[in-house]
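Observations on the model geometry
Each chain is listed here by its residues.
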Amino acid sequence: MYSEKVMDHFTNPRNVGEIENASGVGTVGNAKCGDIMRIYFDIDENQVIRDVKFKTFGCGAAVATSSMATELVKGKTIYEALEVTNKAVMEALDGLPPIKVHCSLLAEEAIHAALWDYCEKQHITIEGLKKPKSDIGEEEPSEEY
Ligand code: FES
């Protein structure tokens, strides 16, 4: 039911932990299932994500997608990180079962929340970045992936 990559990232998640004095921190929950993800960015003076860590209190798919999402944004600029959608994360994991697609939204929204936090601290804006929701439970994606 799960791809090998999902199982790998679930059993051996990358970039777990936290960053002290992070440049940006984002926390997002899904009230429907009770799962929560927090992501920390260390962003350098060139707006490149130098380091990223996450903590997820959630299901296996949430852990695997969070892990892959951190791998995808590491080394990217804040603008490139905005392009890392839940669809991109799922593709990198060779897919998720349809019933688990919503889990991948936690990572995408947490990335946006951390970017938003960074922008507020730096007094800058990123075009296309919307104020994040703290609860994504009301938003179910279509299952056409
Ligand atoms: Fe809640 Fe997967 S069931 S994130």
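Not measured: the values here are computed from a predicted model.

Thresholds applied
Residues numbered from 1 in each chain as written. Predicted model: local features only at pLDDT ≥ 70, side-chain atom pairs only at ≥ 80, totals over all residues. Heavy atoms only, no water. Salt bridge = Lys/Arg side-chain N within 4 Å of Asp/Glu carboxyl O. Helix = DSSP H or I, 4+ residues; strand = E, 2+ residues; numbered from the N terminus. Buried < 20%, exposed > 50% of the residue type's maximum accessible area, 1.4 Å probe, protein only. Axes fitted to C-alpha atoms, helices over the stretch in contact; angles between N-to-C directions. Left-handed = near helix turned anticlockwise from the far one by under 90°. Contact = heavy atoms within 4.5 Å. Pairing = 2+ DSSP bridges. Expected span 1.5 Å × (residues − 1).

**Considering the pattern of salt bridges**
Evaluated as defined, the whole model comprises 7 salt bridges. With a closest N to O distance of 2.7 Å, R14 and D8 form a salt bridge. Note that E18 is salt-bridged to K55, the shortest N-O span being 2.3 Å. On the criterion of sequence distance, the pair formed by E18 in the loop between α1 (4–11) and β1 (24–30) and K55 in strand β3 (residues 49–57) is long-range, its members being 37 residues apart. Overall, the relative accessible area of 38% leaves K55 in the partly exposed class.

**Some remarks on unusual backbone geometry**
Phi is positive for N21, close to 50°, though the residue is something other than glycine. The residue N21 is located in the loop between α1 and β1 in this model. By relative accessible area, which is 76% here, N21 ends up exposed. Although it is not a glycine, H123 adopts a positive phi angle of roughly 60°.

**Some remarks on the packing of helix α2 (residues 60–73) against helix α5 (residues 103–122)**
Their axes nearest at 8 Å, the elements α2 and α5 cross at an angle of 40°. Where α2 crosses over α5, the handedness of that crossing is right-handed. On α5, the residues that touch A61, A62, T65, S66, A69 and V73 of α2 are C103, S104, L106, A107 and I111.

**Things to note about the sheet that holds β3**
The strands making up a sheet associate through hydrogen bonds between their backbones, and the pairing can be parallel or antiparallel. Read from one edge of the open sheet, 3 strands run β1-β2-β3, paired in antiparallel fashion. Edge positions in the sheet fall to β1 and β3, since each has one partner strand and no second. Across this sheet, the average inter-strand angle for adjacent strands is 15°, counted without regard to direction. As paired strands, strand β2 (residues 35–43) and β3 are joined by 8 bridges and run antiparallel to one another. By the bridge assignment, R38 is partnered in β3 with K55. Against the sheet, α2 engages β2 and β3, with an angle of about 175° to β3.

**Observations regarding α2**
With 14 residues, α2 extends 20 Å from end C-alpha to end C-alpha; this agrees with the ideal 20 Å at 1.5 Å per step. Where α2 is concerned, the buried positions are A61, A62, V63, A64, T65, S66, S67, M68, A69, T70 and V73. Structurally, α2 contributes buried residues whose contacts are with α1, β2, β3, α3 (78–81), α4 (86–92) and α5. With its phi angle positive at about 85°, G75 sits one or two positions after the end of α2.

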